[in-house]
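In case you want the letters, here they are:
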Amino acid sequence: MITVFGTGTGAPVPAEVLAGARLVVGARRHLASAPVPEDAEQVVLGPLAPALDIIERHLDKQDHVVVLASGDPGFFGIVRVLAERFGAERLDVRAGVSSVADAFARVGLPWDDAVVVSAHGRELRTAVNVCRARPKVAVLTGPGAGPAEIGAALRCDDRVLVVASALGSEEERVERVSPAEAAARDWGASVSVVLCLDEARVLGAVRTVAGAPVGPSRWALDEGEFTHRDSMITKFEVRALALARLGPRLGELVWDIGAGSGSVAVECARLGAAVVAVEKTRDGVERIRANAAAHGVDVRAVHGAAPTVLSDLDDPDAVFIGGGGHELPAIVTACARRARRTVVVAMAALDRVPAAREALTGAGFSCDGVLLQSSRLAPLPGDVTRLAATNPVFLLWGTRIPVSQQSRQSQKPQETQQSQESQEGVAL
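Keep in mind that this is a model prediction, so the values were computed, not measured. (Residues numbered from 1 in each chain as written. Predicted model: local features only at pLDDT ≥ 70, side-chain atom pairs only at ≥ 80, totals over all residues. Heavy atoms only, no water.)

## Structural notes on the sheet that holds strand β15 (residues 342-347)
Link 1 in the chain: In space, the seven strands of this open sheet follow the order β13-β12-β11-β14-β15-β19-β16, with mixed pairing throughout. Two strands close off the open sheet at either side, each with one partner strand: β13 (299-303) and β16 (365-372). When the angles between neighbouring strand axes are averaged without regard to direction, this sheet yields 15°.
Link 2 in the chain: Two elements, strand β14 (residues 318-321) and β15, share four bridges in a ladder whose sense is parallel. Of the residues in β15, the one forming a bridge with A318 is T342. (Pairing = 2+ DSSP bridges. Helix = DSSP H or I, 4+ residues; strand = E, 2+ residues; numbered from the N terminus. Axes fitted to C-alpha atoms, helices over the stretch in contact; angles between N-to-C directions.)

## Examining the confidence of the model for the chain
Reading predicted coordinates in detail is not appropriate for stretches of low pLDDT.
Link 1 in the chain: Confidence along the chain averages 91 in pLDDT terms, with 94% of residues attaining 70 or more.
Link 2 in the chain: Taken together, the stretch residues 415-428 has pLDDT below 50 and engages in zero contacts with residues farther than four places along the chain or on a different chain. (pLDDT = per-residue confidence, 0-100. Contact = heavy atoms within 4.5 Å.)

## Structural notes on the packing of helix α9 (residues 236-246) against helix α10 (residues 263-270)
Link 1 in the chain: Packing of α9 against α10 leaves a shortest axis separation of 11 Å and a crossing angle of 50°. By the angle class used here, α9 and α10 are oblique. The chirality of how α9 crosses α10 is right-handed. Of the residues in α10, those touching α9 at R239, L243 and L246 are S263, V264, E267 and C268.
Link 2 in the chain: Among the residues making up the contact of α9 with α10, the classes are represented as four nonpolar, one polar and two charged. (Parallel < 35°, antiparallel > 145°, perpendicular 65-115°, else oblique. Left-handed = near helix turned anticlockwise from the far one by under 90°. Nonpolar A, V, L, I, M, F, W, Y, C, P; charged D, E, K, R; others polar.)

## A closer look at helix α13 (residues 353-362)
Link 1 in the chain: Within the sequence span of α13, burial applies to V353, A356, A359 and L360. For α13, the angular spread of buried residues about the axis comes to 130°, placing them on one side. Within α13, the exposed residues directed more than 90 degrees away from the buried face are P354, E358 and G362.
Link 2 in the chain: Buried residues along α13 sit against α12 (328-338), β15, β16 and β19 (393-400).
Link 3 in the chain: Downstream of α13 by one or two residues, G364 has phi in the positive range, about 90°. (Buried < 20%, exposed > 50% of the residue type's maximum accessible area, 1.4 Å probe, protein only. Arc of directions from axis to C-beta.)

## Looking at the environment of W219
Link 1 in the chain: For W219, the location among the structural elements is in the loop between β10 (191-197) and α9.
Link 2 in the chain: Sequence spacing of W219 and F236 is 17 residues, and the spatial spacing of their C-alpha atoms is 8.7 Å.
Link 3 in the chain: Excluding residues that lie within four positions of it along the chain, W219 makes contacts with L243, E267, R270 and L271.

## Description of the environment of G96
Link 1 in the chain: Note that G96 resides in the loop between β5 (91-94) and α5 (99-106).
Link 2 in the chain: In sequence terms G96 and L82 are 14 residues apart; their C-alpha atoms lie 17 Å from each other.
Link 3 in the chain: Other than its neighbours up to four places away in sequence, G96 contacts G6, G8, G71, D72 and P73.

In structure tokens, the structure reads:
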């Protein structure tokens, strides 16, 4: 049996937990502060693989093994690894209070509606995009992914960071700072957790389901649910397919280029993505902000013309391009060079389709598309209905081809030629 003891934030390890243990595994600070039996082997937890092998050898001898961990070891902790290797039935887990729960308690906030994301040994950009998209986020930090790095990434976002360090100890500190202030400091190695808060929205409605809110009940909203100018808005039929191809989700960043009213940007944000909407007109920027506020989502509106303004933005996972004019090929090229996954382009002009397609394929994307023509039900006098046609729109979407697949495709002509030469040789 393996006893997994969560020390909580500064809680001592009772002697009875370690009684009879033949192996005790934990971080150096845990082992130093615990009453480890003198005859027990101690393993300082670093790389997991060697420690797991030692645990297995002791289990084969029916030894009592104790693993010491911080906080709640079942919450982004070692319980997952131990259960996968040895089976959950061999674990006796005794959870402490997690650093997340303690940090929210220190600032007097409920956290049933908080999103918790780990940046420890994981890509920081996912945590940053969650912070951009949600008003209440707890980030579990790690080397290279601490308050300074989070603050630097959120420098343009309206957020407050609560940095909780050494929770439960005499050196405990809980500090509220701006992203810029966090970026300018060296926080050391004692940070327990970072809370990222939009203070205007931290006290949301009473929740039934904890964590990130469930997705919206509907999308591809009617144009009437957005403020727009002279019907200059992506129609809901086009938006429906564009959203399906963009696949916006929590932890990702989406660009909406030539955003206009921001309808696509708002829909992506409603589905959980962090969103930047680029619009060249001042009144368009204000409409985007108003539409985002009306739908209760956070969209960063950037005033400027693409592709020039794009150089200041973080790389996106997906991009929607709904405007561009004669600059469209250059905009598509610039977006495709930086998009990690997908670029979707909506065009009303037939003449611009070949150049947009060439820009996508030239940047290493596969490309597909469709001409959308829809007719909506419309009333006529006398309680009868007609079909009212909407303007046709070309929708192209490009999906980044993995480098390995690109190299295979580039080899196909040569392989085909070699195969033909080989067949000719056999025939002779």
